[in-house]
Amino acid sequence: MTHQHTFSIRKLFNAFKASLSSKEQDFTTGSIRKAVFMLSVPMILEMLMESIFALVDIIYVSRVSVNAVATIGLTESVITLVYAVAIGLSMAATAVVARRVGEKDRVGANQAAVQVIILGVGVSLIVSIIGILYPKEILGLMGAEPDLIAEGYGYTQILLGGNMSIMLLFLINAIFRGAGNASIAMWTLVLSNGLNIILDPIFIFGFGPVPAYGVEGAAIATTIGRGTAVIFQLGILFYGWGKIKIAFKDLVIRGSVMLNLVKVSLGGIGQFLIGTSSWVFLMRIMSEFGSEVLAGYTIAIRVMMFTFMPSWGMSNAAATLVGQNLGAGKPDRAEKSVWITGKYNAIFMVVVSLVYLIFAKEILAWFSPEDEVIKYGALCLQVIAAGYVFYAYGMVVIQSFNGAGDTKTPTYINFVCFWLFQLPFAYLLAVTLEIGPLGVFLAIVLAEAMIAVVGIILFRKGKWKETKV
């Protein structure tokens, strides 16, 4: 028995090591469970890197001033628009590249990669010009006080001016993921976030010949970190060892390929905007109940985001598997991959939800000493964690539609469940029926359950298998 046990541990360790190496993998044959594992591990680590990066940034900046933290908050809400385009385009990139790789059409995969990069550069140039010329006006529009604008506009100017580094990091990683090279995407983020963590304190507080830039330093560090990673990505695309190889002769605009990508990405952009705008409205409802409640809610959401990251990683793995297997003409294998990934995700989320249900107050106490903040934050964690098993399946199914290139269906599902159900229901329970914050938490859980149920019903119908990309 022990020999058997050590054998399976060794097998697991070898698979783990292989998943982090950038060797080419074919995910259209062989064990689906192994394929899910090989794609999920680097994607989960990639997502965790992102969340660590967000936490470190805030820890450093909160030592500068309250205005500095507020500047980051306001600038980030503007940058979500850049993220919306980046996420939409990256969904399209993953779907189209995965499909071409599955079809063994290397040329088509390369062409799609080039068009995505050209589109990304075009969009980010427009944002850069606006960000460099009008940073004070942008912060003013977001409702910033004059003293905050004076202290923080440099941060906004640098971050929006250098938004191409965010855009390309996103898009090229989506290309790698679609090709099944998830580990390259992960190492790129290790590089960009590692650099950022080292450079942040140097540029914010000053070191040796580098002066203290304050909050601007955070933007400089981020842009250098991400920019370096983008150069690394481009190096791999042009001189690399991945499935996608670009030569300078490929750098031409191909209208039909580009139009196809734009068409697929519109659904992705729609999904993101529907999701983020509904969060903004929920924040607005929560603000009715005072700053302690709002602080508790904000901390609880941050904590949840940390555990959603591995879940997102698995969902992205499902998207790649669906795209590649549809390309290889194996729709049944594509569907089977989704149910297997869903099951693993559900097991993970159930374990996490138990931790939250039992230790919610203790977790909140790490972030805040205030009793009211802990009380409402813990309530939020416990109520929403109760619906985690729905989240698990909902996320995987929605991402699988996107991986098939059917970005319309999830957009409709999100629109109905978030805008037509969650927001009115949250307002009704919390404000009209005076249940308070609990009403908002219940509306969030019920909407997520609805997304999962509707998503699974539509997924079972199988129309996504006929999507052409």
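Note that the structure is predicted; figures quoted are calculated from it, not measured.

Visitor: Summarise the overall build of the chain; cite the residues concerned and give the values.
Guide: If you tally the helices and strands in the chain, you get 16 helices and zero strands. Computed over its C-alpha atoms, the radius of gyration of the chain comes to 22 Å, within 12% of the 23 Å expected for a compact globule of 469 residues. A burial count over the chain gives 54% of its 469 residues as buried. Taking contacts inside the chain between residues at least 6 apart in sequence as the whole, the part at least 24 apart equals 79%. Surface summary for the chain: the accessible area is close to 20500 Å², and the carbon and sulfur share equals 70%. Charge separation in the chain, taken as the distance between the mean sites of 33 positive and 27 negative side-chain charges, equals 17 Å.

Visitor: Tell me about the state of the cysteines, residues and numbers included.
Guide: Going through the model one piece at a time under the given rule, you end up with zero disulfides. Of the cysteine sulfurs around Cys 380, a residue in no disulfide, the closest is that of Cys 417, at 19 Å.

Visitor: I'd love a proper account of the nonpolar core, names of residues and values included.
Guide: Counting residues in hydrophobic clusters, the biggest one holds 57 residues, and the most contacted among them are Ile 175, Ile 244 and Ile 246. Residue assignment for this core shows that the elements contributing at least two residues are α2 (32–61), α3 (66–102), α4 (106–133), α6 (146–161), α7 (163–178), α8 (182–205), α9 (215–239) and α10 (255–286). Among the nonpolar cores identified, the runner-up in size contains 39 residues, and Met 286, Val 293, Met 304 and Val 445 belong to it.

Visitor: How would you explain helix α14 (residues 388–403) if you had to name every residue and give the values?
Guide: If you check α14, its first and last C-alpha atoms are 22 Å apart, about what 16 residues at 1.5 Å a residue would give, namely 22 Å. Of all the 16 residues making up α14, 13 are buried; the element is thus mostly covered by neighbouring parts of the structure.

Visitor: Talk me through unusual backbone geometry; I want residue IDs and the actual numbers.
Guide: Even without a glycine there, the phi angle at Lys 104 is positive, about 60 degrees. Tracing the backbone shows Lys 104 in the loop between α3 and α4. For Lys 104, a relative accessible area of 59% gives the class exposed. Of note, Glu 434 is a non-glycine position whose phi angle comes to about 55 degrees, a positive value.

Visitor: Which residues make up the side chain of Thr 407, and what values go with them?
Guide: Within the secondary structure, Thr 407 sits in the loop between α14 and α15 (408–432). Here Thr 407 falls in the buried class, since its relative accessible area comes to 3%. When residues no more than four places from it in sequence are discounted, the contact partners of Thr 407 are Val 264, Gly 267, Gly 268, Gln 271 and Asn 402.

Visitor: An account of the pattern of salt bridges is requested, with residue identities and associated values reported.
Guide: A full pass over the atoms with the stated rule returns seven salt bridges. A salt bridge links Glu 46 to Arg 177; its shortest N-O distance comes to 2.6 Å. One end of the pair, Glu 46, is in helix α2; the other, Arg 177, is in helix α7, with 131 residues separating them in the sequence. The same class applies to Glu 46 and to Arg 177, which are both buried. For Lys 249, the salt bridge identified is with Asp 250, shortest N-O distance 3.9 Å. Salt bridges linked by common partners bring Asp 332, Glu 335 and Lys 465 together as one network.

Visitor: Any details on a nonpolar patch on the surface? Residues and values, ideally.
Guide: A cluster of nonpolar side chains, namely Ile 347, Val 350, Val 351, Leu 354, Val 355, Leu 357, Ile 358, Phe 359, Val 389, Phe 390, Val 453 and Ile 457, defines an oily patch on the protein surface of about 1000 Å² accessible area. Elements with a contribution of two residues or more to the nonpolar patch: α12 (331–367), α14 and α16 (437–461). Looking at the nonpolar patch, the element that brings in the most residues is α12, giving eight residues. With respect to the element layout, Leu 354 can be found in helix α12.

Visitor: Please set out the packing of α2 against α9 residue by residue, giving values where relevant.
Guide: Between α2 and α9, the least distance of the axes is 10 Å, while the angle of their chain directions is 155 degrees. Overall, the two elements α2 and α9 adopt an arrangement that is roughly antiparallel. The handedness of the crossing between α2 and α9 comes out as right-handed. Residues Glu 50, Phe 53, Asp 57 and Val 61 of α2 form the contact with α9, whose participating residues are Val 215, Ala 218, Thr 222 and Arg 226. Classifying every residue of the contact of α2 with α9 by side-chain character gives four nonpolar, one polar and three charged.

Visitor: Summarise the packing of α4 against α6; cite the residues concerned and give the values.
Guide: Direction vectors running N to C along α4 and α6 enclose 165 degrees, while the axes themselves pass 7 Å from each other. With respect to α6, the axis of α4 lies roughly antiparallel. Judged by the twist between their axes, the crossing of α4 over α6 is left-handed. Residue-level inspection shows Val 127, Ser 128, Gly 131 and Ile 132 of α4 in contact with α6, the latter providing Gln 157, Leu 160 and Gly 161.

Visitor: Please set out the packing of aromatic side chains residue by residue, giving values where relevant.
Guide: Within this structure, the stated rule accounts for 15 aromatic pairs. Aromatic pair Tyr 388 and Tyr 391: ring centres 5.7 Å apart, planes at 65 degrees, arrangement edge-to-face. Linking Tyr 388 with Tyr 391, this pair stays in helix α14, spanning three residues, or about one helical turn. Owing to a relative accessible area of 1%, Tyr 388 belongs among the buried residues under this scheme. Tyr 391 gets classed as buried once you look at its relative accessible area, which sits at 7%. Seen from their ring centres, Phe 459 and Trp 464 are 4.4 Å apart, and the 10 degrees between their planes marks the pair as stacked. Each member of the pair Phe 459 and Trp 464 is classed as buried. Ring pairing ties together the aromatic residues Phe 308, Tyr 356, Tyr 388 and Tyr 391, which thus form one cluster. Just above the ring of Tyr 153 sits the side chain of Lys 136; from NZ or CZ to the centre is 4.5 Å.

What counts and how
- Note on numbering: residues in each chain are counted from 1, in written sequence order.
- Per-residue local features are limited, in this predicted model, to residues with pLDDT of at least 70; the limit for side-chain atom pairs, both in listing and counting, is 80 or more; totals at the level of whole chains, interfaces and linings are taken over all residues.
- By convention in this description, side-chain values take in all heavy atoms of the structure and omit both hydrogens and water.
- Only runs of H or I of at least four residues qualify as helices and only runs of E of at least two qualify as strands under DSSP, and these elements are numbered from the N terminus.
- It is over C-alpha atoms that the radius of gyration is taken, and the globule rule equals 2.2 Å times the number of residues to the power 0.38.
- Three exposure classes are used, based on accessible area relative to the maximum for each residue type with a 1.4 Å probe and protein chains only: buried under 20%, partly exposed in between, and exposed over 50%.
- We call two residues in contact when some of their heavy atoms are within 4.5 Å.
- Here the open area of atoms and residues is found with the Shrake-Rupley method and a 1.4 Å probe, where only the protein chains shown may cover a residue.
- His is not counted, nor are the chain ends, whereas Lys and Arg count as positive and Asp and Glu as negative.
- Here the site of a charge means NZ on Lys, CZ on Arg, CG on Asp, or CD on Glu.
- The definition used for a disulfide is geometric: two cysteine sulfur atoms within 2.5 Å.
- Buried Ala, Val, Leu, Ile, Met, Phe, Trp, Tyr and Cys residues that are joined via side-chain atoms within 4.5 Å together make up what is termed a nonpolar core.
- Helix span, expected: 1.5 Å multiplied by one less than the number of residues in the helix.
- What counts as a salt bridge is simple: a side-chain nitrogen of Lys or Arg found within 4 Å of a carboxyl oxygen of Asp or Glu.
- The patch calculation keeps residues exceeding 30% relative accessible area without a salt bridge and links them within 9 Å when they carry like charges or within 5 Å when they are nonpolar (Val, Leu, Ile, Met, Phe, Trp, Tyr).
- For every element, the axis is a line fit to its C-alpha atoms; helices are fit only across the contacting stretch, and the angle between N-to-C directions ranges from 0 to 180 degrees.
- Angle categories are assigned with fixed cut-offs, so that under 35 degrees is roughly parallel, over 145 is roughly antiparallel, 65 to 115 is roughly perpendicular, and the rest are oblique.
- Note: crossing handedness is left-handed where the near helix turns anticlockwise from the far helix by less than a right angle, and right-handed where it turns clockwise.
- Asp, Glu, Lys and Arg are counted as charged, while Ala, Val, Leu, Ile, Met, Phe, Trp, Tyr, Cys and Pro are counted as nonpolar; the rest, among them Gly, fall into the polar class.
- Between rings of Phe, Tyr and Trp, where Trp is taken as its six-membered ring, a pair exists when centres lie within 6.5 Å; planes separated by under 30 degrees are stacked, by over 60 edge-to-face, and by other angles tilted.
- Only when the NZ of Lys or the CZ of Arg is both within 6 Å of the ring centre and within 35 degrees of the ring normal is a charge said to sit over the ring.

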